[in-house]
Amino acid sequence: MRGCTPRCLLLKQLFIKRIILFLAFSPEQHPIVLQIGGNNLNNIAKAVELAKPYGYDEINLNCGCPSSKVAGHGCFGVRLMLDPKFVGEAMSVIAANTDVPVSVKCRIGVDDHDSYNELCDFVYKVSSLSPTRHFIIHSRKALLNGISPAENREIPPLKYEYFYALMRDFPDLRFTINGGIKTVDEANAALRLGAHGVMVGRSAYQNPWRTLGHVDTAIYGAPSSGITRRQVLEQYQVYGDSILGKYGNRPSIREVVKPLLHLFYTDPGNGPWKRKADAAFQHCKTIKSFFDETLVAIPDYILDAPVAESPPGREDLFVNTLSLMPPPYEDTEQKVLLEA
Ligand SMILES: Cc1cc2nc3c(=O)[nH]c(=O)nc-3n(C[C@H](O)[C@H](O)[C@H](O)COP(=O)(O)O)c2cc1C
């Protein structure tokens, strides 16, 4: 992904129970955020301390994952939104153990706790109890009633109006919008409406070349680098071979290559490339040999083409957003105090 866009921010996740996962990253992956998932303050503190020498640019707490492994049995992820006081404490612990900015990734609600005021109570409490000044908002609520994580990214409706209302009601905080944004046109439309940042999830993963290949020019205004996928893969090969098997037998070839598997999405040769990749995973010992064996499936004119025109965005994505914004936040706790 970094090969397609040297500028955008990458997010790497660490669930505390799986702390042996790889914290190391190469210098060209900056700027990079470490996301932590957990619900035990001591373990959260230890995880942040452990990550410190690696030099992440920001530490983020996951308050948005609805997976039953995480929000159910694990009791963290989006379930933490129901306990803003704990999240405030956790963010204070994180901030006390790091020198870099801290942020929270969350949804706009959970099950029936989905009013705008409850979302504001969460943001208000977390930001008052801790130094958190940045929230990444997946602009749909999570349903913990047994639907799958994939369904939880589709079924609850997007409410961008809650996102922009947060920006109106908490002008001292920074908000990054997330959910359903697929192209750089749409990201630019979100920025024009005032968002401080845009997070793109599935589109960046499912179609990295056409989504991320435009980010540096269309979002950051950089001149076009003219880079091709052959060049991206040449750089990736050096990186991939340098980390392959660095920790015993991990990362494996499959793990190193996984982020590339959609690089030729819908292009000629994509199907044969994936079939060759499946076979090559069984016996290749280096990323170089993997590419030598598989890339013959992709025509040269595809490998050597710079990124084509950006796909157009949906013009109606934010069409009624501002007119749908809920009334301004009433801080119920402050109101109770004033009335007492
Ligand atoms: C396979 C997969 C894994 C994900 N893992 C994480 C994760 O570890 N942490 C996180 O905050 N979000 C995770 N997400 C959610 C995305 O960050 C994002 O919030 C969600 O996909 C909505 O954005 P999108 O519509 O741009 O995809 C994941 C999404 C997918 C599809």
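Scroll up to find the structure this text is about.
Not measured: the values here are computed from a predicted model.

The rules behind these values
Residues numbered from 1 in each chain as written. Predicted model: local features only at pLDDT ≥ 70, side-chain atom pairs only at ≥ 80, totals over all residues. Helix = DSSP H or I, 4+ residues; strand = E, 2+ residues; numbered from the N terminus. Rg over C-alpha atoms; globule rule 2.2 N^0.38 Å. Buried ≥ 20, exposed ≤ 12 C-beta atoms within 10 Å, placed from the backbone. Expected span 1.5 Å × (residues − 1). Contact = placed C-beta atoms within 7 Å.

Concerning the overall build of the protein chain
- Helix and strand content of the protein chain: 15 helices and seven strands.
- Relative to the compact-globule value of 20 Å for 340 residues, the protein chain shows a C-alpha radius of gyration of 21 Å, a close match.
- Principal-axis analysis of the C-alpha atoms gives the protein chain an extent of 75 × 45 × 40 Å.
- Residue burial in the protein chain is summarised as follows: out of 340 residues, 36% are buried.

Comments concerning unusual backbone geometry
- H30 connects to P31 through a cis peptide bond whose omega is -10 degrees.
- Even without a glycine there, the phi angle at D111 is positive, about 45 degrees.
- For D111, the location among the structural elements is in the loop between β4 (102-107) and α4 (116-129).
- D111 sits in the partly exposed class, given 13 other C-beta atoms within 10 Å.
- Look at T266: it is not a glycine, yet its phi comes out positive at around 65 degrees.
- Relative to the assigned elements, T266 resides in the loop between α11 (253-257) and α12 (270-283).

Side note on helix α10 (residues 229-243)
- With 15 residues, α10 should reach 21 Å at 1.5 Å per residue; the first-to-last C-alpha distance of 21 Å fits that figure.
- Where α10 is concerned, the buried positions are R229, V232, Y236 and G240.
- Tucked inside the fold, the buried residues of α10 contact α8 (208-212), α11, α13 (287-294) and α14 (300-303).
- A positive phi of about 65 degrees marks G245, the residue just after α10.

That is the geometry; function is a separate question.
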